[in-house]
Amino acid sequence: MTGTITPRDEKDIVEAVTAAASREQTMEIVGHGTKAGIGRASQTEITLDLSQIKGISLYEPDELILSAKGGTPVAEIEKLLADNNQELSFEPMDFDALLNVQAGRGTLAGMIAANLSGPRRIKAGAVRDYALGVNAVSGRGEIFKSGGRVVKNVTGYDLSKFVAGSWGTLAVMTDLTIKVLPASEDAATVLVLGLDAAKAREAMSAAMGSSCEVSAAAHLPERAAAKITGTAAAKAGRALTALRLEGIPVSIAYRKAKLEELLKSFGRLGALDRSETLSFWRAVRDVLPFADKTQRAVWRISTAPTEGPKVGAAITAATGAEVFYDWGGGLVWAEMPGLLPEENAIREALGGAGHATLMRADPTMRASAAPFEPLDAGLAALIQRVKVSFDPKGILNPGRMYAGV
Amino acid sequence: MVAMPALDQDVLARRAAVVAALSAIVPGEGVIDTETGMRPYESDGLTAYRQLPMVVVLPETVEQVSQILKYCYEQNIKVVPRGAGTSLSGGALPLGDGVLLGLSKFNRVLDIDYENRAVVAQPGVTNLGISNAVSDRGFYYAPDPSSQIACTIGGNVAENSGGVHCLKYGMTTNNILGVEMVLITGEIVRIGGKFLDSGGYDLLALICGSEGLLGVVTEVTVRILKKPETARALLVGFPTSEAAGDCVAKIIGAGIIPGGMEMMDRPAIMAAEAFVHAGYPLDVEALLIVELDGPEAEVNQLLESVSKIAEACGSSTLRVSTSEKERLKFWAGRKAAFPAVGRLAPDYYCMDGTIPRRRLPDVLTRIRELSEKYGLQVANVFHAGDGNLHPLILYDANKADELDRAEKFGSDILRYCVEVGGVLTGEHGVGVEKRDLMPTMFNEIDLAQQQRVKCAFDDRGLLNPGKVFPTLHRCAELGRMHVKGGKVPFPELPRF
Ligand SMILES: Cc1cc2nc3c(=O)[nH]c(=O)nc-3n(C[C@H](O)[C@H](O)[C@H](O)COP(=O)(O)OP(=O)(O)OC[C@H]3O[C@@H](n4cnc5c(N)ncnc54)[C@H](O)[C@@H]3O)c2cc1C
């Protein structure tokens, strides 16, 4: 069999995977395809479309859990949570603008499989921190489960978290239970204007190291800042260093004053109100400064906050790339001046002190770069063995992350 | 009692050579092979189980750990890693034909990095040791197991330990940035660092909670946080556990995630009060301690909201701490609950199931019935926010069959936790204690998949065998095995 299979239930998935395994046919696992452009381009014989494996089966706001099928639209989950004043605290990004697609928010399983967290990562944790339980079909065509429906659990290896970030290379997730949290009542942002990246990083470290409970910290150099339209701050025409505060109003008021006191020696201050805060951080989350309808290569680089500006400067010096920073300086977004990913310059600038992922690439250029951080020989071999433990025939999204995995 | 793997007589016959080889790797006093010298290592926090190891080795460097493991791998010798030995599930229980590899000499904090809010520590540093190292600058390491003065960060990683503050701040897995780990082959791998998330597979997720079965952790990078400006606690008594449970649900339903939210039942309250005189009310069935932390103005407002909810849920007593001294006093009873209950009987057995919170009344009722059935007293302390229940079963190991009854009682409680939608262990790990209960939660396919992951790290099954998994499979056979309908094809294979 080749072509697209659209299973209606777990049984169909088991059947499809079992058949593919016995014929050693490779499969691409697809939700809504929002992130199809990320990772190594692969040619598979079968496409397994999971968009019909959907539906929220359990939502208990006061137990802080939600269970749903893997293909459930994230948008549907976010809507239900919002109706109950709850949220996905890790702020999953919306890829449409950056990647020039119109796929919507994607599926639950796709969100977990990519483990890409937004600005609140520094305070609330990553997508994987919210993965509590999973039922999945391994490359052997077997349904296995891990974890459970409670927030605290150490029974057996934590495969629910482990499949997060595996990009569909280990198993097809059919049912997931995630932790959800109350949404903040209010939000505000303190800005410092006109800092360079190194000074901005110092300001962000000072803020993060205070008891102000900053829930996001980003630095947008002048060019990037100018591209975030719709906020008064962007019109200032200066670099923006932004620190978000969330919580109940009386707490925000207090922490805002404290943060302003702490930051005033760094430069001129500004502020965003609640609605500006929402749109500003959505823009940072969705990488809108680089959502320019081009296919110029875009990299996402995680490193120690103190390294961020050095890495960013090195990349810019080597390639002329434009950069901005999230996660207090620890997440560098870089847009290359052209279609070439210029992987070597990126890897050299990072020097192994973190990991860089190619998030956007022109289809004709995609094969010229390894999209995920290369692993040293020992780790590569270990990961290969782990892959085989789930998918001995190598049929699930083969090569999406690394050759042979 | 849970049975352990049969002793490897071939290895035991070579004991002298093993001791000599280890002594060559770790010179001086790093190898202990006398019975008296090994006695302190014969048990961990699950004291009903005791076993002298074949030999104890206490390396000081990662190179030594690497050489020891490589040697053991080549010689087919089992290895049990050990931190402080406070595991309550028998994770660090030695094997009679195995090397006990103690990490106690890995006791240095290597790097304190305030700018990146990270600390790099050797695995033998105590949990509290990390917080102490950064406390003068107002920082701390959030996960706070009650054993924090003694337990090590390496043990915390292996058990994915939690504490009373993990409702808001997460367990170990949510607070670790990186590790250095030695595989059984002696290979040293580094995963993560001072940056967030790992490139490639999230191996940290596997290692946290792997109970010493995947590798020996030789360095840990943790995230540190700034201490909250204020913390205040409410002490709320309820006439029924239902009312207390209802109150917990309503607090969370109102969008409040307290820094800590603990519940104790009547026997636990009585024991704690008699032990530390914390001022607990004695005429209530359930006591809640709710701690709110953050800026003072926020804490004040939340205290008010929580008080209103508690009153609406029918609280019979309610006190708010007015000083740091009083807050600590509220906690003193809860934190001393284990030893306090321990005074009521010669021995106690601590269980650790997690349940969906709303099933608490059912579970408490069942525990009372079982208590009568087995003729053993029980007291309950409960991490109420996240549904993690610690029934403490009182027994006397010197009385015939009491330990046996206590174990059966405990197993029945855990089975019931699973039956109501919960899990066998919330933070103490499976170890030997809950090993044979794993099939109540997982079928053969689930367990086979986990064991295949184990094989990817340890193909000869030499690291901490006999823990976590109820059946030992050879890796080659797991690779081939196809399970049909939840049944293994080799029912005749040895279970312990
Ligand atoms: C009074 C008391 C209260 C407790 N309270 C809590 C609590 O509130 N929350 C909680 O979660 N736990 C609690 N515990 C349980 C225990 O303290 C934790 O599980 C702790 O993390 C164990 O740490 P340890 O250093 O003592 O590890 P050990 O007991 O020595 O070992 C535990 C496991 O980890 C493995 N291990 C140890 N070090 C390493 C390493 N470097 N590399 C690889 N594997 C390793 C061992 O093989 C073993 O499987 C309590 C225990 C006691 C006695």
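Analysis parameters
- Residues numbered from 1 in each chain as written.
- Chains lettered and ligands numbered in written order.
- Predicted model: local features only at pLDDT ≥ 70, side-chain atom pairs only at ≥ 80, totals over all residues.
- Heavy atoms only, no water.
- Helix = DSSP H or I, 4+ residues; strand = E, 2+ residues; numbered from the N terminus.
- Rg over C-alpha atoms; globule rule 2.2 N^0.38 Å.
- Buried < 20%, exposed > 50% of the residue type's maximum accessible area, 1.4 Å probe, protein only.
- Contact = heavy atoms within 4.5 Å.
- Buried area = accessible area lost by both parts, 1.4 Å probe.
- Salt bridge = Lys/Arg side-chain N within 4 Å of Asp/Glu carboxyl O.
- Polar contact = N/O pair within 3.5 Å; in protein donor to acceptor, adjacent residues only side chain to side chain.
- Nonpolar A, V, L, I, M, F, W, Y, C, P; charged D, E, K, R; others polar.
- Near = heavy atom within 4 Å.
- Areas by Shrake-Rupley, 256 points an atom, 1.4 Å probe, with all protein chains shown as cover.
- 1 Å grid on protein atoms, 1.4 Å probe; cavity = no way out; pocket = protein on both sides within 12 Å on 5 of 7 lines; lining within 4 Å.
- Sits in = over half its atoms within 2 Å of the grid points.
- Domains from an automatic or database assignment.
- Disulfide = S-S within 2.5 Å.
- Expected span 1.5 Å × (residues − 1).
- Axes fitted to C-alpha atoms, helices over the stretch in contact; angles between N-to-C directions.
- Parallel < 35°, antiparallel > 145°, perpendicular 65-115°, else oblique.
- Pairing = 2+ DSSP bridges.
- Points joined across faces, edges and corners; volume = space filled by probe spheres on them.

Peer 1: So, the overall build of chain A: which residues are in play, and what are the values?
Peer 2: Looking only at helices and strands, chain A features 13 helices and 18 strands. Taking 2.2 N^0.38 as the reference for a compact globule, 405 residues should give roughly 22 Å; the C-alpha atoms of chain A span a radius of gyration of 21 Å, in line with that estimate. In terms of principal-axis extent, the alpha carbons of chain A reach across some 65 × 50 × 35 Å. Expressed as a percentage of its 405 residues, the buried residues of chain A come to 62%. Across chain A, every contact between residues at least 6 apart in sequence was considered, and the portion connecting residues at least 24 apart equals 73%.

Peer 1: Account for the interface of chain A and chain B, naming residues and giving values.
Peer 2: Taken together, the 74 residues of chain A in the interface contact 88 residues of chain B. Across the interface of chain A and chain B, roughly 6,700 Å² is buried in total on both sides, 57% from carbon and sulfur atoms. Among the residues of chain A in contact with chain B, A:K152, A:V154 and A:Y157 are the three that bury the most area, contributing 15% of the side total. At the boundary of chain A and chain B, one finds nine salt bridges. Close ionic contact of B:D446 with A:K145 constitutes a salt bridge, the shortest N to O distance being 2.8 Å. For the pair chain A and chain B, the interface holds 31 residue pairs in polar contact (both at pLDDT 80 or more). It is helix α13 (residues 377-390) of chain A that contributes the most residues to the side of chain A that touches chain B, nine residues altogether. Class assignment of the residues belonging to the side of chain A that touches chain B gives a composition of 33 nonpolar, 21 polar and 20 charged.

Peer 1: Describe the site of the ligand, with residues and values.
Peer 2: Residues and elements named next belong to chain B. Inspection of the region around the ligand gives 32 residues, with P81, G83, T86, S147 and T152 positioned closest. Contact between the ligand and A84: an oxygen atom at 2.9 Å from a main-chain N or O atom of the residue. One of the side-chain nitrogen or oxygen atoms of N464 is found 3.4 Å away from an oxygen atom of the ligand. Surface burial for the ligand is 94%, taken as the share of its 970 Å² of free accessible area covered by protein chains. Among the cavities detected, the one that contains the ligand is the second largest pocket. Of all the secondary structure elements, the ones that give two or more residues to the shell around the ligand are β3 (78-82), α6 (153-159) and β10 (216-223).

Peer 1: Report on the domain arrangement of chain A, specifying residues and quantitative values.
Peer 2: Residue and element names in this part refer to chain A. With domains assigned, chain A is organised as domain 1 (1-183 + 375-405), domain 2 (186-285) and domain 3 (288-368). Computed from C-alpha atoms alone, the centre-to-centre distance between domain 1 and domain 2 is 33 Å. On the side of domain 2, eleven residues touch domain 1, which itself brings ten residues to the contact. For the pair domain 1 and domain 2, the two sides together bury roughly 800 Å², of which 56% comes from carbon and sulfur. Ranking the residues of domain 1 by area buried against domain 2 places P119, I122 and K123 at the top, with a combined share of 57%. With a shortest N-O distance of 2.9 Å, E91 and R244 are connected by a salt bridge. Considering only residue class, the side of domain 1 that touches domain 2 consists of four nonpolar, one polar and five charged.

Peer 1: Break down the state of the cysteines for me, with residues and values.
Peer 2: Two cysteines whose sulfur atoms are joined by a covalent bond form what is called a disulfide. Residues and elements named next belong to chain B. Going through the model one piece at a time under the given rule, you end up with one disulfide over all chains. Here C455 pairs with C475 through a disulfide, and the sulfurs are 2.0 Å apart. What sets the handedness of the C455 and C475 disulfide is the S-S torsion sign, and at about -90° it is left-handed. Taken together, the residues span a long stretch of sequence, with C455 in helix α17 (residues 444-457) and C475 in helix α18 (residues 475-480) at a distance of 20 residues.

Peer 1: Could you give an account of helix α15 (residues 402-419) of chain B, naming the residues involved and the relevant values?
Peer 2: Residues and elements named next belong to chain B. An ideal rise of 1.5 Å per residue puts 26 Å on 18 residues; α15 measures up with 25 Å between its terminal C-alpha atoms. Three or more residues of α15 are buried, namely E402, A406, E407, F409, G410, S411, D412, I413, L414, Y416, C417 and V418. Considering only its buried residues, α15 is in contact with β16 (347-350), α14 (360-374), β17 (378-383), β18 (388-395) and α16 (438-441). A positive phi of about 105° marks G421, the residue just after α15.

Peer 1: I'd like a description of the packing of helix α9 (residues 249-263) of chain A against helix α11 (residues 296-312) of chain B, backed by residues and values.
Peer 2: Their axes nearest at 8 Å, the elements α9(A) and α11(B) cross at an angle of 170°. Here α9(A) is positioned roughly antiparallel relative to α11(B), judged by the angle of their axes. On the side of α9(A), the interface is formed by A:V250, A:S251 and A:R255, while α11(B) contributes B:A297, B:E298 and B:Q301. Along the lines of polarity and charge, the residues of the contact of α9(A) with α11(B) split into two nonpolar, two polar and two charged.

Peer 1: Which residues make up the sheet that holds strand β3 (residues 46-49) of chain A, and what values do they have?
Peer 2: Residue and element names in this part refer to chain A. Strand order in the open sheet made by the three strands is β1-β3-β2, with parallel pairing throughout. One side of each edge strand has no neighbouring strand; the edge strands of this open sheet are β1 (3-5) and β2 (27-30). On average, adjacent strands in this sheet sit at an angle of 25° to one another, irrespective of strand direction. Summarising the sheet, β2 and β3 pair through four bridges and their orientation is parallel. The partner of V30 across the bridge, within β3, is D49.

Peer 1: Tell me about α14(B), and please be specific about residues and values.
Peer 2: Residue and element names in this part refer to chain B. For α14, with 15 residues, the first-to-last C-alpha span of 21 Å sits near the 21 Å given by 1.5 Å per residue. Looking only at α14, the buried set comprises L360, P361, V363, L364, I367, L370, S371 and Y374. Buried residues belonging to α14 abut α9 (241-253), β13 (260-265), β17, β18 and α15.

Peer 1: Please set out the environment of B:T172 residue by residue, giving values where relevant.
Peer 2: Residues and elements named next belong to chain B. Residue placement: T172 occurs in the loop between α7 (166-169) and β8 (176-182). The class for T172 is buried, based on a relative accessible area of 0%. Leaving out residues up to four positions away in the same chain, T172 has contacts with Y141, P143, N156, V157, N160 and S161.

Peer 1: I'd like to hear about the layout of surface pockets, residue by residue, with values.
Peer 2: Residues and elements named next belong to chain B. Space inside the second largest pocket adds up to approximately 900 Å³. Of all elements in the fold, only β3, α6, β10, α12 (324-335) and α13 (337-342) reach the threshold of two or more residues within the lining of the second largest pocket. With six residues, α6 is the single largest residue contributor to the lining of the second largest pocket. Its residues assigned to classes, the lining of the second largest pocket comprises 22 nonpolar, 21 polar and six charged.

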